[in-house]
Amino acid sequence: MSATAAPRSSAAARPRKSRRGLGLGLVAWLAGIVFFLPIAWMALTSFHSEADAATNPPSFAASLTLDGYREFFGTGGGASPWPALINSTVASVVSTVCVLLLALPAAYALSIRPVKKWTDVLFFFLSTKMLPVVAGLLPIYLFAKNTGMLDNIWLLVVLYTSMNLPIAVWMMQSFLAEVPVAVIEAARVDGARLPMILARVVAPIALPGIAATALICFIFSWNELLFARVLTGVVAETAPVFLTGFITSQGLFLAKVCAASLVISLPVLAAGFAAQDKLVQGLSLGAVK
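I will try to describe carefully the structure that is included in this document. (Residues numbered from 1 in each chain as written. Predicted model: local features only at pLDDT ≥ 70, side-chain atom pairs only at ≥ 80, totals over all residues. Heavy atoms only, no water.)

Moving on to the overall build of the protein chain. Tallying secondary structure elements over the protein chain gives 14 helices and two strands in all. The long-range share in the protein chain, meaning contacts at least 24 apart out of those at least 6 apart in sequence, stands at 76%. With an accessible surface of roughly 17200 Å², the protein chain has 71% of that area assigned to carbon and sulfur atoms. (Helix = DSSP H or I, 4+ residues; strand = E, 2+ residues; numbered from the N terminus. Contact = heavy atoms within 4.5 Å. Areas by Shrake-Rupley, 256 points an atom, 1.4 Å probe, with all protein chains shown as cover.)

Bringing the environment of Phe 242 into the picture now. Its place among the elements puts Phe 242 in helix H12 (residues 239-244). Residue classification places Phe 242 among the buried positions, given a relative accessible area of 9%. Between the alpha carbons of Phe 242 and Ala 79 there is a distance of 9.3 Å; along the sequence they are 163 residues apart. Residues within four places of Phe 242 in sequence aside, it is in contact with Phe 72, Ala 79, Ser 80, Pro 81, Ala 84 and Glu 237. (Buried < 20%, exposed > 50% of the residue type's maximum accessible area, 1.4 Å probe, protein only.)

Our focus in this paragraph is helix H10 (residues 207-223). Over its 17 residues, H10 extends 24 Å from the first C-alpha to the last, a length consistent with the 24 Å expected when each residue adds 1.5 Å. Within H10, 12 of the 17 residues are buried, which leaves it mostly tucked inside the rest of the structure. Buried within H10 are the following residues: Pro 208, Gly 209, Ile 210, Ala 211, Ala 212, Thr 213, Ala 214, Leu 215, Cys 217, Phe 218, Ser 221 and Trp 222. (Expected span 1.5 Å × (residues − 1).)

For the rest of this paragraph, the subject is the side chain of Ser 88. Its place among the elements puts Ser 88 in helix H4 (residues 82-111). Taking relative accessible area as the criterion, Ser 88 reaches 3% and is therefore assigned buried. In terms of polar contacts, Ser 88 uses its side chain to reach the backbone amide nitrogen of Ala 239, at 2.7 Å. Here Ser 88 is in contact with Trp 222, Thr 238, Ala 239 and Pro 240, once residues within four sequence places are set aside. (Polar contact = N/O pair within 3.5 Å; in protein donor to acceptor, adjacent residues only side chain to side chain.)

Structurally, Thr 238 can be placed in the loop between helix H11 (226-231) and H12. Excluding residues within four positions of it along the chain, Thr 238 makes contact with Ala 84, Asn 87, Ser 88, Leu 156 and Ala 228.

In this structure the tally under the stated criterion is two salt bridges. A salt bridge links Arg 70 to Asp 67, with the nearest nitrogen and oxygen atoms 2.8 Å apart. Separated by three residues within a single helix, Arg 70 and Asp 67 lie in helix H3 (residues 67-72), roughly one turn from each other. When its relative accessible area of 43% is taken as the criterion, Arg 70 is described as partly exposed. With a relative accessible area of 37%, Asp 67 lands in the partly exposed category. (Salt bridge = Lys/Arg side-chain N within 4 Å of Asp/Glu carboxyl O.)

Shape is all these values report; function is a separate question.
Set out below in structure tokens:
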């Protein structure tokens, strides 16, 4: 009696599991569509004229045009976005490289070769992110003004490096904790010094985590607005600051803003798409023991 009841109960549990999996899949699809709708709406609006973009309710059947992109790229006589895009690229890429060069040895010291009270050190790194950014804006502005660093892209590189370094050390510490110590000991026995161990042993093993850290630091630097808005002018203007220039006293140009937002978002989307496999591996490191 019990032997026949067991297969029946397992057979009855299978449809419940399949229905549960189907329900979770539908919820995931719905959540994905909800998050994707604003991006699709922005992309569609960028191909409308300003008159069609300003209608309420908006028209889906409006004719498509590239006027918003032409105005963004300055073909209509406006300012060119290329200097701002180049400044954002320089500030984001250089600061990300600097963060990785500084965070890798620090994470190595806190994970593979732990220092005393390394948990307190990690908490100190993370506590620096608890200060509101606006609280440090005035001292940094006065320092930049007195040293002649206003409207200088290298000041943003230093700021973005210091801002992203704590979270990078925190992330990479957990990634490097997964590196087998035996491999490092073998390299040390073969006579490898610390720089070679970091470059030839630790970095290849922790590459997914390093890629995930680099992508997050790049996104934070690319999207930063407050410091760039206050500390730059014309020479070191970044893409987010250039984007705010479309909101003028004459009104909000929706089609042009949507076109500019889509173009400025493309480097981050491209970087995320190119490193998506490394990003998933890196963010899942240490999740399963």
